[in-house]
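Here are the chains, one letter per residue:
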Amino acid sequence: MHHLTALNDFVVRFANVNGTGSASANLMFAKSIFRMGIPVSPKNIFPSNIQGLPTWYEVRISEKGYLGRREGVDIMLSVNPQSMPKDIANVKPNGYFLYDSTKELHKEFIRDDIHYLGVPMMQMCMDKFSDPRQRQLLKNMVYVGAMAALIDIEIPVLHEIISLQFKGKEKLIAANFQALDMGIQYVKEHYKCPLGLRLERRDKVGDWILLDGNTACGLGAIYAGATVAAWYPITPSTSLVQAFEKYAKKLRVDPETGENKFAVIQAEDELAAIGVVIGAAWNGARSFTATSGPGVSLMSEFLGLAYFAEIPTVLADVQRGGPSTGMPTRTQQSDIISAAYASHGDTRHVLLFPSTPAECFDHMAEAFDLAEQLQTPVIVMTDLDLGMNENMSPPLAWDDSRAYERGKVLTAEELENMAERYGRYLDVDGDGIPWRTIPGTHPTKGSFFTRGTSRDEYAAYTEEGPAYVRNVDRLLKKWDTAKNRTGAGVVSGEKPECFRGNIFRHHHLRCPGSPGTAGSTRYYPGCHACQSVSI
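Rules behind the numbers
- Residues numbered from 1 in each chain as written.
- Predicted model: local features only at pLDDT ≥ 70, side-chain atom pairs only at ≥ 80, totals over all residues.
- Heavy atoms only, no water.
- Pairing = 2+ DSSP bridges.
- Helix = DSSP H or I, 4+ residues; strand = E, 2+ residues; numbered from the N terminus.
- Axes fitted to C-alpha atoms, helices over the stretch in contact; angles between N-to-C directions.
- Contact = heavy atoms within 4.5 Å.
- Phe/Tyr/Trp six-rings, centres within 6.5 Å; stacked < 30°, edge-to-face > 60°.
- Buried < 20%, exposed > 50% of the residue type's maximum accessible area, 1.4 Å probe, protein only.
- Polar contact = N/O pair within 3.5 Å; in protein donor to acceptor, adjacent residues only side chain to side chain.

Strand order in the open sheet made by the 6 strands is S3-S4-S2-S5-S6-S7, with mixed pairing throughout. Sheet topology places strand S3 (40-45) and strand S7 (115-119) at the edges, where each strand pairs with a single neighbour. The average undirected angle you get between the axes of adjacent strands in this sheet is 15°. When strand S6 (residues 91-100) meets S7, the two strands line up parallel, connected through 5 bridges. Its bridge partner lying in S7, tyrosine 99 is registered against glycine 118. In the packing of helix H4 (residues 132-151) onto the sheet, contacts are made with strand S2 (9-17), strand S5 (73-78), S6 and S7, and the angle to S2 comes to roughly 165°.

All right, on to the packing of aromatic side chains then. Applying the stated criterion to the full structure yields 11 aromatic pairs. Seen from their ring centres, phenylalanine 244 and phenylalanine 288 are 5.0 Å apart, and the 80° between their planes marks the pair as edge-to-face. Here phenylalanine 244, found in helix H8 (residues 238-251), pairs with phenylalanine 288, found in strand S12 (residues 287-291); they are 44 residues apart in sequence, far enough to count as distant. Assigned by exposure class, phenylalanine 244 and phenylalanine 288 land together as buried. Ring geometry for phenylalanine 288 and phenylalanine 368: centres 6.1 Å apart, planes at 85°, overall edge-to-face. Separated by 80 residues along the polypeptide, phenylalanine 288 in strand S12 and phenylalanine 368 in helix H12 (residues 357-374) bring together distant segments of the chain.

Below, the discussion takes up the environment of phenylalanine 288. Assessed through its relative accessible area of 0%, phenylalanine 288 is described here as buried. For the pair phenylalanine 288 and alanine 342, spaced 54 residues apart in sequence, the C-alpha separation works out to 17 Å. Sequence-distant contacts of phenylalanine 288, that is, excluding residues within four places in its chain, are made with Ala221, Ala226, Val228, Ala229, Ala230, Leu240, Phe244, Val277, Val314, Met364 and Phe368.

This paragraph deals with the environment of histidine 442. Mapping histidine 442 onto the fold places it in the loop between helix H14 (412-416) and helix H15 (465-486). For histidine 442, a relative accessible area of 13% gives the class buried. Measuring from C-alpha to C-alpha, the distance between histidine 442 and phenylalanine 308 comes to 24 Å, with 134 residues separating the pair along the chain. Leave out the neighbours within four places in its chain, and histidine 442 touches Ala412, Leu415 and Glu416. Here the side chain of histidine 442 touches glutamate 416 through a polar contact of 2.6 Å, side chain to side chain. From its side chain, histidine 442 meets the backbone nitrogen of lysine 445 in a polar contact 3.0 Å long.

Given below as structure tokens:
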């Protein structure tokens, strides 16, 4: 039987049980390859329950930068009896199957065309460690060590990653080093190392980083000046608000008084969450929420209110599988139409489409400027794959001289000097966008009562047809203004810095070559300009 051979170009998949602490070890494995200068694309495939069901972690390694998933697994590490038949079936002919040989592998799991690599992981941990939970966790590091020896990961790189992961916890660092070394030594003593599938240091990632889109969106909201986040937990958007809160605790706390300069509110449902966002935005705060498809459905009426009452509203939609509950922990771009026209009637919402974590950061920050400039909902459209997986991305960048674009907001002085009657929904500039006021700006001027029902230019309730038509026509004019604010589209064959469509905004990466390499052309996943496709 032949052995697969490849250099910096193969797929490794880990088959684990959800809730066993494997995610941290698997991520350290992917980071170690990335730190060797080799592009990687890790995908975490996990169930919707809390623990006990199969979970997989797949890493595509490709120095050419091909980062999409492909069929077949070159090296499978399986420590889950539930999924083992399927895991063995997914190994490519002549590929490798690494497993815990503490117990003998059942004969029905034997294929004649793949190579089996048994390591008694649990037995080794039982012999070395006394704490039951520690045994389970360190078993994960044993297989990382075994894999490192088999494919030639640089051990000092893994040591550095472990030290950073458990910084300040010296006992944990020492135990993880020991477990890692146990796997390395066992494999070296029992198998030929490295395999035909191996790694070799490259310089293909330059200054790029590994980052998940939800964290990048949370940071983008921080840098955009957001102070209020209202949400109801839903996979896969939960970690976005958690990231916002994490960084707000570092960057939104008064250093002298210790007072929080932010509010994170877990509402009773998605309706309440976006209601809080709309109320806070009406009162002048930069606020946002994050959800997924079912949440967008529940928020639709409030999105229509924000559109019609013209209140800046920012929403991050981390899309998942549907219809209905669908597959909450699987990725799908399932909400594009429902988000674009959320609510009923002639609603049209601005959607921003990031393709990398850096663009998640940029688009989330820009969403607040656009929402206030246009006085309308702006929805950042990501998905589970981008939001929850570590993705290769250019570094995040922020211009400290950048000023927030608050749009048309009347000041107390401007209200004081205003001789004419203030009309909240009066188009005085011809761009469809009226002037708004922040409550309490002036003691007597600039107040209005807004509603979701039909009104005239002065916010006075009316069911007169001409007034309704004037209002809807003005909102459509605002839509044309939105197109100009977000730029013009591109056609097939052009290679601009970004694509800016009518209701879509999707930045693209310039493609001078591989990250850190000048001159050669390459394909960046998600880059329409790079693929020269029609849009």
